[in-house]
Amino acid sequence: MELTVLGCCSGMPAGGEASSGYLVRGGGTSVLLDCGPGIATALGALGGPAPLGAVVISHLHLDHCYDLLPLGKTLLTMVLDYPGGPPRAAGAPDPLPLYLPHGCADLLRRWAALFPVPTLPQLDRAFDLAFDVREYRPGDTARIGALDLELHELRHGAPNCGTRITDGAATLAYTGDTGVTPALEDLARDVDLFVAECSLDRTDTGPQGHLSGADAGRAATSADARELLLTHWTSDDPAWRAARRDDARAVYGGPVHAAHAGWTDRVGALTRL
Ligand SMILES: [Zn+2]
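Residues numbered from 1 in each chain as written. Predicted model: local features only at pLDDT ≥ 70, side-chain atom pairs only at ≥ 80, totals over all residues.

Novice: Before we move on, could you go through the overall build of the protein chain and cite the residues and values that matter?
Specialist: If you tally the helices and strands in the protein chain, you get eight helices and 16 strands. Along the first, second and third principal axes, the C-alpha atoms of the protein chain reach 60 × 35 × 35 Å. Buried positions account for 48% of the 273 residues belonging to the protein chain. (Helix = DSSP H or I, 4+ residues; strand = E, 2+ residues; numbered from the N terminus. Buried ≥ 20, exposed ≤ 12 C-beta atoms within 10 Å, placed from the backbone.)

Structure, rendered in structure tokens:
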């Protein structure tokens, strides 16, 4: 199983890096975790959405879901014929499974309908025709190819689930957005790679729900995670990111990595590409 960071910014893209998006490849398929601004472009450089087995959205903050619309429209345009345009593949691809927090599907359908294309009305319906929308609840599981997924409720300003993925040989956990919570220990228990958000330079005591580097390090320690990847940066300053990595290293004994766009790791093998 391999992880590629497509984007790692909290909020909007910065410094040439996209917002949240992580491509997990293994088990004969690939899964996109979150789809923030810039991810449709970054994914396009790695084969686009066609090879995906599923998209999983941690929560409905814009920096984690904004590019679902261009991704859906890309899937639609793969099968629509434009007069004078390039020939398209015969037949429509199967809708792409899209896992959303419970109650979010209707909002996205209304969002897509805000941008009608009267001459090609199918383009208004990405969430009906391009995606197979599946609303999940905390504790749900899913199987994508040979990948098994678990969804763990964490603590954030919007309902957010972290995702735990295994191919039977290696296991990865991704937080989405979260504050400090005992649920992180279940999410990341014994994983080969713990992908943890690291938005802050100190512990968040308010309702927003984010982690500092030290918070992420302590969670990795208590969960016995083998490696830690910090991401969801609120700054593109390398020194700020390095300081957060140092904060984690002070409380966690395993390898700590700082995410950047394009960062790729074969999960569990400690192999840097
Ligand atoms: Zn958020």
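Novice: Summarise helix 3 (residues 68–77); cite the residues concerned and give the values.
Specialist: Taken as a whole, helix 3 has its buried residues at Leu68, Leu71, Gly72, Lys73, Leu75 and Leu76. Lining the buried residues of helix 3 we find helix 1 (39–44), helix 2 (62–65), strand 6 (96–101), helix 4 (105–113), helix 5 (126–130) and strand 7 (131–136). (Contact = placed C-beta atoms within 7 Å.)

Novice: Break down the sheet that holds strand 12 (residues 193–197) for me, citing the residues and quoting the values.
Specialist: For sheets, the rule is that strands pair by backbone hydrogen bonds, running either parallel or antiparallel. Here we have seven strands laid out as an open sheet, ordered 8-9-10-11-12-13-14, and mixed in their pairing. Strands at the two margins of the open sheet, each flanked by one partner only, are strand 8 (141–144) and strand 14 (256–258). Looking at each pair of strands side by side, their axes are set apart by 20° on average, direction ignored. Taken together, the three bridges between strand 11 (residues 171–174) and strand 12 define a ladder with parallel strand orientation. Paired with Tyr174 across the bridge in strand 12 is Val195. (Pairing = 2+ DSSP bridges. Axes fitted to C-alpha atoms, helices over the stretch in contact; angles between N-to-C directions.)

Novice: Now, about the packing of helix 7 (residues 213–223) against helix 8 (residues 238–249): what can you tell me, with residues and values included?
Specialist: Relative to each other, helix 7 and helix 8 sit at 35°, their axes nearing to 7 Å. Once helix 7 is placed against helix 8, the crossing between them reads as right-handed. When helix 7 is examined against helix 8, the residues Gly213, Ala214, Ala216 and Gly217 are found in contact with a partner set consisting of Arg244, Arg245, Asp247, Ala248 and Arg249. Tallied by class, the residues present in the contact of helix 7 with helix 8 amount to three nonpolar, two polar and four charged. (Left-handed = near helix turned anticlockwise from the far one by under 90°. Nonpolar A, V, L, I, M, F, W, Y, C, P; charged D, E, K, R; others polar.)

Novice: Report on the environment of Cys35, specifying residues and quantitative values.
Specialist: Following the sequence through the fold, Cys35 ends up in the loop between strand 4 (29–33) and helix 1. In the structure, Cys35 is positioned 67 residues away from His102 in sequence and 17 Å away in space, judged by C-alpha atoms. Discounting residues that sit within four places of it in the chain, Cys35 has contacts with Gly21, Val55, Ile57, Cys65, Asp67, Leu68 and Leu71.

Novice: Can you lay out unusual backbone geometry for me, pointing to particular residues and giving the numbers?
Specialist: The phi torsion of most residues other than glycine is negative, and most of the peptide bonds are trans. The backbone phi angle of Asp224 is positive, close to 60°, even though this residue is not glycine. As for its placement among the helices and strands, Asp224 is situated in the loop between helix 7 and strand 13 (228–231). We note that His232 has phi near 60°; this positive angle belongs to a residue other than glycine.

Novice: Please provide a residue-by-residue account of the pairing of strand 10 (residues 161–166), values included.
Specialist: For a regular strand, side-chain orientation follows a simple rule: the groups alternate between the two sheet faces. With six of six residues buried, strand 10 is to be regarded as a mostly interior element. Burial along strand 10 is two-sided: Cys161, Thr163 and Ile165 facing one way and Gly162, Arg164 and Thr166 facing the other are all buried. Of the pairings in the sheet, the one linking strand 9 (residues 147–153) to strand 10 comprises six bridges and is antiparallel in character. Note on strand 10: the bridge partner recorded for His152 is Gly162. As judged from the four bridges shared by strand 10 and strand 11, these two strands associate in the antiparallel manner. Directly across from Ile165, in strand 11, lies its bridge partner Leu172. Remark: four residues form the turn of the hairpin made by strand 10 and strand 11, two consecutive strands paired antiparallel; Gly168 in that turn has positive phi of roughly 95°.

Novice: An account of the pairing of strand 9 is needed here, citing residue identities and associated values.
Specialist: In terms of strand pairing, strand 8 meets strand 9 through four bridges, oriented antiparallel. Its bridge partner lying in strand 9, Ala142 is registered against Leu149.

Novice: How would you summarise the environment of Trp111 if you had to cite specific residues and measurements?
Specialist: Structurally, the position occupied by Trp111 is in helix 4. Take Trp111: there are 15 C-beta atoms within 10 Å of it, and that puts it in the partly exposed class. Sequence-wise, Trp111 and Leu69 are 42 residues apart; in three dimensions their C-alpha atoms are separated by 8.6 Å.

Novice: How would you explain the environment of Leu228 if you had to name every residue and give the values?
Specialist: Inspection of the secondary structure assignment puts Leu228 in strand 13. Taking C-alpha positions, Leu228 is 23 Å from Leu43, a pair spaced 185 residues apart along the chain. With sequence-adjacent residues up to four places away left out, Leu228 is seen in contact with Phe194, Ala196, Ala216, Gly217, Ala220, Ala248, Tyr252, Gly254, Val256 and His257.

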